[in-house]
Amino acid sequence: MNRRQTPTMTIDAAQPAGKVSPLHYGLMTEEINFSYDGGLYAELIRNRAFLDSEKEATHWSLALAGGAMAKMALDESNPINSALPRCLRIEVATASRTSPAGVANAGYWGIPIKPNTRYKATFFAKATGGLTGPIFLLLQSGDGKTLYGQASVAKLTDTWTQYTVTITTRKGIAPTTDAKLVLSVEQPGTLYLGMASLFPPTWKNRANGLRPDLMQMLVDLKPAFLRFPGGNYLEGNTIATRFDWKKTIGPISERPGHPCPWGYRSSDGMGLMEFLLWCEDMGAEPVLGVYAGYSLRGEYAKPGPELEPYVQEALEEIEYVIGPVSSKWGAQRAKDGHPKPFPLRYVEVGNEDFFDRSGSYDARFAQFYDAIKRVYPHLKVVSTVGNEQPAAKRVKSRRPDALDEHYYRKAADFIKDSPTHFDKYDRSGPEIFVGEWGAHEEVVPWSPQSRGLPPTPSMKAALGDAAFMTAMERTSDLVTMQCYAPLLVNVNPGGRQWRPNLIGYDALRSFGSPSYYAIQMFSRNVGDEILKVTLTGSPLLTS
Ligand code: AHR
């Protein structure tokens, strides 16, 4: 090519080639990389229900001043209710006004302290052996030398009582994550502690709500929809550890949480209602993934009667989302604070079922598809096996309304493939929902080598992302929806299980990666029509 030739781009505005789908651009999330606990979900206490480990009260430590003496242990003889089988028992041998004894929790890599800010603490407590209160709640520096704020409860009794107090931090202090919450007493005796929670101000001041800086970044992307609750997180490693939506609703003191497949326990504070409110607060519509009877380690329910309870579970979940208040689960939704049904158009059956080693997805999908269509004919039912998978893996017994395809590719491959990638597809459908995608530089996300790389993508990856977005927008007649993944990462050591991720944060600060800003450019400037563009004389692109 003659380098002095002037490249020419011709845009044919007279004959639009098609419409851009209004469902570009969405968000996809799951509990990975401490996305909710230690991330978007604003709870500051880690292991608040004392269920993270059977052996010890992880993330809790003794806080003893002067000559105070105490020991702590997990206790299963004094549960606060049937949902939460464990509490923390603190046996205080010696304590006084000048030598208080208690326990401390430093949250998810520190508790974020901001000046003149109100923190709401909620905890269950009871006391025996002469301990009658008060109990003090202190926000202190890690070394205990600086006090940021405090509150107290005057009296403790020998029966479980839930207490709520507000701690307001001092004016003029510098923001820090070097902080912990301490609960302490000044008398000997035995203190029992259950479900101890601490919230800073949240987005729209919602109780049990979300972190404002991260919400602002998400709202700034103007997402059209939110795909939840996963991802692998939906499936769980085993059937027992799937996203069991009924255990995620109601008061947090009745949510035991569950082990998540990414190596830590989810508090389930981010439950079905919180996902739906999250959508509402972003002006995004929910795209609901329902558990499809298959878990990551291969455990599954055989299609037929064995699968039926999970089909019913999905129907009830849909009823919770869109049913009238006169229905059983619509009434539960109203009881949980939201009488008005949420919008819902797409339901996805499972996640990445091309990994299903049992060969049962086709029949499982059919059972879900028929049951959902029978009750909700207007809903679109999405299969998790796309055209990219071998024909043997795809659903043949029913025609899914959409196929979820996932693309984790090198930036260079996206750039090379994007101009033509979807051209080979049959335009008569099904719709393509690119439910997870993201460019990496060279090292694939699941390689151990990726652990040494930054948690968020580079500019190079963002260029690959941009190329793929043009491909998806341009083929909007087919690719109706798409969302990058994963969305969130806690950048502290041990915080991430995957890279690259769109938005990074610690307890106090957050930042968008180059890919975040690439997506923002596209998502905030979505066109209506697709115009034919011809490029000549460019060394990079030929058409
Ligand atoms: O986005 C991370 C993981 O990638 C998702 O949980 C899973 O669906 C995919 O394999």
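Shown above is the structure to which this text applies.
## Concerning the site of the ligand
Right, on to step 1. Near the ligand the following residues occur: Glu30, Gly231, Asn232, Trp262, Asn351, Glu352, Tyr408, Glu436, Pro486 and Trp498.
Right, on to step 2. Measuring from an oxygen atom of the ligand, one finds a backbone N or O atom of Asn232 at 2.9 Å.
Right, on to step 3. Within the side chain of Tyr408, a nitrogen or oxygen atom sits 2.8 Å from an oxygen atom of the ligand.
Right, on to step 4. In the complex, 94% of the free accessible area of the ligand, which totals 290 Å², lies under the protein chains.
Right, on to step 5. For the shell around the ligand, a count of residues per class yields 4 nonpolar, 3 polar and 3 charged.

## Digging into helix 6 (residues 328-335)
Right, on to step 1. The complete set of buried residues in helix 6 reads Trp329, Gly330 and Arg333. The buried side chains of helix 6 occupy one side of the element, clustering within an arc of 105 degrees when seen end-on. Facing away from the buried side of helix 6 by over 90 degrees, the exposed positions are Lys328 and Lys335.
Right, on to step 2. Where helix 6 is buried, its residues contact helix 4 (272-282) and helix 5 (308-322).
Right, on to step 3. Of the residues one or two after helix 6, Gly337 is the one with positive phi, at around 105 degrees.

## Here we look at the pattern of salt bridges
Right, on to step 1. Scanning all chains against the criterion turns up 32 salt bridges.
Right, on to step 2. Salt-bridge contacts for Lys204 lead to Asp281; the nearest nitrogen and oxygen are separated by 3.7 Å. One end of the pair, Lys204, is in the loop between strand 13 (189-199) and helix 2 (212-219); the other, Asp281, is in helix 4, with 77 residues separating them in the sequence.
Right, on to step 3. According to the relative accessible area criterion, Lys204 is exposed, its value standing at 56%.
Right, on to step 4. Between Asp423 and Arg474 there is a salt bridge, and its shortest N-O distance comes to 4.0 Å. Placement of Asp423 in the loop between helix 8 (411-417) and strand 21 (431-440) and of Arg474 in helix 9 (residues 459-474) is noted, with a sequence separation of 51 residues between them.
Right, on to step 5. For Asp423, a relative accessible area of 45% corresponds to the partly exposed category.
Right, on to step 6. One network of salt bridges, in which partners are shared, links Lys204, Arg206, Glu280 and Asp281.

Conventions adopted
- Residues numbered from 1 in each chain as written.
- Predicted model: local features only at pLDDT ≥ 70, side-chain atom pairs only at ≥ 80, totals over all residues.
- Heavy atoms only, no water.
- Near = heavy atom within 4 Å.
- Polar contact = N/O pair within 3.5 Å; in protein donor to acceptor, adjacent residues only side chain to side chain.
- Areas by Shrake-Rupley, 256 points an atom, 1.4 Å probe, with all protein chains shown as cover.
- Nonpolar A, V, L, I, M, F, W, Y, C, P; charged D, E, K, R; others polar.
- Buried < 20%, exposed > 50% of the residue type's maximum accessible area, 1.4 Å probe, protein only.
- Helix = DSSP H or I, 4+ residues; strand = E, 2+ residues; numbered from the N terminus.
- Arc of directions from axis to C-beta.
- Contact = heavy atoms within 4.5 Å.
- Salt bridge = Lys/Arg side-chain N within 4 Å of Asp/Glu carboxyl O.

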